[in-house]
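Here's the letter readout for the chains.
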Amino acid sequence: MLKDSDPEYWRVYGEGERATNRRAIYQGAQEPRPEGAKRLGIGCDFGFTNDPTAVVEVFLAGNQLHIEERLYKHGLTNQDLARELLAMNLGREYVICDSAEPKSIEELRREGINAHPATKGPDSVRRGIDLIRRHRLTFEGENLAKELQMYRWKEDKNGNLINEPDSIGWDHALDAARYVALNRIQPKYTGKYVIA
């Protein structure tokens, strides 16, 4: 019987419920920013040729984490990125950047951007994902919508999910949001995973 052989298919086509992607790392809804949301910070993930540079603003309202896509472009030099941030009046804000690119962070600073490296610590990808998943996630942005749909857990050869993201290039804006979450919600890593 279909109900036993493919429960997900049965749930959608037999019971008429909405489909969910069991491999999706995040479940989020495209909604406007909630009233009274507090800005946690600006996140930046660097890119250039193959990957876009992504900039997001992250807000918190109670247990709701809201991400707004502000920039998602290929081919930006650090000077181009600085001009874009200044044009959006984000240059003076605390911008948390991928710490793997200290040269880019320094170049942004020289262009007048309040750029800082993300503090990651051991196993920061999974810790950041877990931290974001503890909140109700809402977002605004076309590329964020695509990333949320495509950012998935890996599967083993038997179809079992592995607690590791499938790195297929759909994580730029989400990584930028993760940098903010790790540095603004969670206290500094001390060897134990503790949610603030």
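Draft legend 1. The nonpolar core, seen in detail. Counting 28 residues, the largest nonpolar core has Tyr26, Val56, Val58, Leu65, Ile67 and Leu137 as its most contacted members. Where this core is concerned, the elements lending two or more residues are strand E3 (53-61), strand E4 (64-73), helix H5 (124-133), strand E7 (136-140), helix H6 (142-150) and helix H7 (172-184). Per-element tally for this core: the top contributor is H7, with seven residues. When neighbours within four sequence positions are excluded, leucine 65 is seen to be in contact with Leu40, Val58, Phe59, Leu60, Ile132, His135, Arg136, Leu137, Thr138 and Ile185. Counting residues in each nonpolar core, the second largest holds 17 residues, with Val55, Leu81, Ala82 and Ile113 among its members.

Draft legend 2. Fine view of the pattern of salt bridges. Overall, the coordinates contain 17 salt bridges when judged by the stated rule. Linking glutamate 155 and arginine 23 is a salt bridge whose minimum nitrogen-to-oxygen distance equals 3.9 Å. Highlighted residues: glutamate 155 in strand E8 (residues 153-155) and arginine 23 in the loop between helix H2 (7-14) and strand E1 (28-30), separated in sequence by 132 residues. Its relative accessible area of 34% is what places glutamate 155 among the partly exposed residues. Arginine 23 sits in the buried class, given a relative accessible area of 17%. Here arginine 23 and aspartate 166 are joined by a salt bridge, their closest N and O atoms 2.9 Å apart. With arginine 23 in the loop between H2 and E1 and aspartate 166 in the loop between strand E9 (161-165) and H7, this residue pair connects regions lying 143 residues apart in the sequence. Of the residues examined, aspartate 166 reaches a relative accessible area of 22% and is grouped as partly exposed. By sharing partners, the salt bridges in this structure join Arg39, Glu57, Arg70 and Glu93 into a single network.

Draft legend 3. Spatial organisation of the packing of aromatic side chains. Evaluation of the coordinates by the stated rule reveals one aromatic pair. One residue, arginine 33, lies across the ring of phenylalanine 59, its end atom 4.0 Å from the ring centre. The lysine or arginine in question, arginine 184, covers the ring of tyrosine 94, its NZ or CZ lying 4.3 Å from the ring centre.

Draft legend 4. Main features of the sheet that holds strand E2 (residues 38-45). Strand order in this open sheet of seven strands is E1-E7-E4-E3-E2-E5-E6, and the pairing throughout is mixed. Unpaired on one side and paired on the other, E1 and strand E6 (115-117) mark the two borders of the sheet. Neighbour-to-neighbour, the strand axes of this sheet turn through a mean angle of 30 degrees, independent of strand direction. Across nine bridges, the pairing between E3 and E4 is antiparallel. In the sheet register, phenylalanine 59 faces E4, and the bridge partner there is histidine 66. Lying on the sheet, helix H4 (residues 102-110) is in contact with strand E5 (95-97) and E6; it crosses E6 at an angle near 160 degrees. Its contacts with the sheet place H6 against E1, E4 and E7, and it is angled at close to 115 degrees to E4.

Draft legend 5. Main features of the confidence of the model for the protein. Of the residues in the protein, 84% reach a pLDDT of 70 or more, and the chain-wide mean stands at 87. Under a pLDDT of 50 for its full length, residues 188-196 has, in the predicted model, 15 contacts with residues more than four places off or in other chains.

Draft legend 6. Spatial organisation of the packing of H6 against H7. Between H6 and H7, whose axes approach to 8 Å, the crossing angle comes to 90 degrees. For the element pair H6 / H7, the angle class is roughly perpendicular. Contacts from Leu144, Glu147 and Leu148 in H6 reach His172, Ala173 and Leu174 in H7.

Parameters at a glance
- Residues numbered from 1 in each chain as written.
- Predicted model: local features only at pLDDT ≥ 70, side-chain atom pairs only at ≥ 80, totals over all residues.
- Heavy atoms only, no water.
- Core = buried A, V, L, I, M, F, W, Y, C linked by side-chain atoms within 4.5 Å.
- Buried < 20%, exposed > 50% of the residue type's maximum accessible area, 1.4 Å probe, protein only.
- Helix = DSSP H or I, 4+ residues; strand = E, 2+ residues; numbered from the N terminus.
- Contact = heavy atoms within 4.5 Å.
- Salt bridge = Lys/Arg side-chain N within 4 Å of Asp/Glu carboxyl O.
- Phe/Tyr/Trp six-rings, centres within 6.5 Å; stacked < 30°, edge-to-face > 60°.
- Lys NZ or Arg CZ within 6 Å of the ring centre and 35° of its normal.
- Pairing = 2+ DSSP bridges.
- Axes fitted to C-alpha atoms, helices over the stretch in contact; angles between N-to-C directions.
- pLDDT = per-residue confidence, 0-100.
- Parallel < 35°, antiparallel > 145°, perpendicular 65-115°, else oblique.

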